[in-house]
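Okay, here's what each chain looks like letter by letter:
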Amino acid sequence: INDEAKGAAGESLRGEDGKTYYGDAVATVGEQGYATLYAAVEAAKTGSDKTIILNTDATVRADAPIVLTEGITIQSEEGEKNTIKALQGDWKFPYQNIITVNGKDCKISNVIIDGQDIGVSGVHAYQVESFTLDNVTIQNCKNAGVIVNGATVTADKLSTNNNGWGSVNVDGASSAFTATNSDFQDNVQIYTETPSDVTITVDGLDPVTGQGAKLKG
């Protein structure tokens, strides 16, 4: 069992390897606790209950970013805002994202996503009809905080800071990004290279055209 799964003995947990451990659950699906966020995501993919409750901070490895399929929700337990952190490692293209969303009707709520100054993006929504970010903070990613790639993404109370490629990148045919009550603290907030192909609606921000700017990272 890895450090993420260690805790006080007494609670039966499922691990990524299918074995049973005893300790504090990193995440739960229904009434079952899981030793890692990975194990909880796999359970949500194959089971009828698609809601993952994040009970404490979790980590994501370079060799296995989190991939959400249709209908999965990740949210902190009530009253909390837990963190999903990237670990150092060889993050290889095209999986340089802490979380990749590949299915419609997914949601992340009341969570902090921390890139820990590694060359990753926080969340990549790829060709999905609907994805929601609710009260999410994305920070310290050397790439973009959020990538909207041929997807429709709605955000409320999204906060971003210290992301090297800016807060949100919106590209790909028919991409749409809408944000309300949000706070983008990066030097570049929302940007696209294909303005005629995308729809961007963000409270408090007006469209501008730039040329020759270089993003750090």
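Rules used in this analysis
Residues numbered from 1 in each chain as written. Predicted model: local features only at pLDDT ≥ 70, side-chain atom pairs only at ≥ 80, totals over all residues. Heavy atoms only, no water. Helix = DSSP H or I, 4+ residues; strand = E, 2+ residues; numbered from the N terminus. Contact = heavy atoms within 4.5 Å. Areas by Shrake-Rupley, 256 points an atom, 1.4 Å probe, with all protein chains shown as cover. Polar contact = N/O pair within 3.5 Å; in protein donor to acceptor, adjacent residues only side chain to side chain. Pairing = 2+ DSSP bridges. Salt bridge = Lys/Arg side-chain N within 4 Å of Asp/Glu carboxyl O. Buried < 20%, exposed > 50% of the residue type's maximum accessible area, 1.4 Å probe, protein only. Phe/Tyr/Trp six-rings, centres within 6.5 Å; stacked < 30°, edge-to-face > 60°. Lys NZ or Arg CZ within 6 Å of the ring centre and 35° of its normal. Core = buried A, V, L, I, M, F, W, Y, C linked by side-chain atoms within 4.5 Å. pLDDT = per-residue confidence, 0-100.

### Side note on the overall build of the protein
Then, number 1: Each helix and strand counted, the protein has 1 helix and 21 strands in total.
Then, number 2: Pairs at least 24 apart in sequence give 49% of the contacts found in the protein among residues at least 6 apart.
Then, number 3: Summed over its atoms, the accessible surface of the protein is roughly 10600 Å², and 44% of this surface lies on carbon and sulfur atoms.

### Considering the side chain of Ser121
Then, number 1: Structurally, the position occupied by Ser121 is in strand β12 (residues 121-126).
Then, number 2: From its side chain, Ser121 meets the backbone nitrogen of Ala144 in a polar contact 3.3 Å long.

### A word on the sheet that holds strand β20 (residues 190-191)
Then, number 1: With respect to topology, 6 strands assemble into an open sheet ordered β7-β10-β12-β14-β17-β20, the strand pairing being parallel. Looking at the sheet topology across the chains shown, the edges are occupied by β7 (66-68) and β20.
Then, number 2: Here strand β10 (residues 97-101) runs beside β12; their pairing, made up of 4 bridges, is parallel. Across the sheet, Val101 pairs through a bridge with Ala125, a residue of β12.

### Focus on the pattern of salt bridges
Then, number 1: This model, assessed by the stated rule, comprises 2 salt bridges.
Then, number 2: One salt bridge connects Glu42 with Lys45, and the closest N-O pair in it is separated by 3.3 Å. Of this pair, Glu42 and Lys45 both sit in helix α1 (residues 37-46), 3 residues apart, which is roughly one turn of the helix.
Then, number 3: Judged by its relative accessible area of 45%, Glu42 falls in the partly exposed class.

### Things to note about the packing of aromatic side chains
Then, number 1: What the rule picks out here adds up to 0 aromatic pairs.
Then, number 2: It is Arg61 that lies over the ring of Tyr38; its NZ or CZ is 4.7 Å from the centre.

### Let's talk about unusual backbone geometry
Peptide bonds are trans in most cases, and residues, glycine excluded, mostly fall at negative phi.
Then, number 1: A positive phi is found at Asp105, a non-glycine position, where the angle reads about 60 degrees.
Then, number 2: By the secondary structure assignment, Asp105 is in the loop between β10 and β11 (106-118).
Then, number 3: In this structure, Asn135 takes a positive phi of about 55 degrees despite not being glycine.

### Looking at the nonpolar core
Then, number 1: Of all hydrophobic cores here, the largest spans 54 residues; its most connected members are Ile52, Leu68, Ile99, Ile108, Phe131, Leu158 and Phe177.
Then, number 2: At 7 residues, α1 tops the list of elements feeding residues into this core.
Then, number 3: Sequence-distant contacts of Ile52, defined by excluding residues within four places in its chain, comprise Ala27, Thr28, Val29, Leu37, Ala40, Val41, Ala44, Ile72, Thr73, Ile74 and Gln75.

### Notes on the pairing of β12
Then, number 1: Burial within β12 is extensive, with 5 of its 6 residues counted as buried.
Then, number 2: Bridging between β12 and strand β14 (residues 146-149) involves 4 bridges; their strand directions are parallel. Bridge assignment links Ala125 to a residue of β14, and that residue is Val148.

### Let's talk about the confidence of the model for the protein
Then, number 1: Predicted confidence across the protein gives a mean pLDDT of 86, with 83% of residues reaching 70 or more.
Then, number 2: Across residues 212-217, where pLDDT falls below 50, the model places 10 contacts with residues more than four positions away in sequence or in other chains.

### What about the pairing of β11?
Then, number 1: As paired elements, strand β8 (residues 73-76) and β11 share 3 bridges and run parallel to each other. The residue of β11 that forms the bridge with Thr73 is Lys107.
Then, number 2: The pairing of strand β9 (residues 82-86) with β11 spans 4 bridges and is parallel. Along β11, the bridge assignment pairs Ile84 with Ile113.
Then, number 3: Bridge count for β11 against strand β13 (residues 131-141) is 9 bridges, and the pairing is parallel. Looking at β13, one finds that Cys106 is bridged to Phe131.

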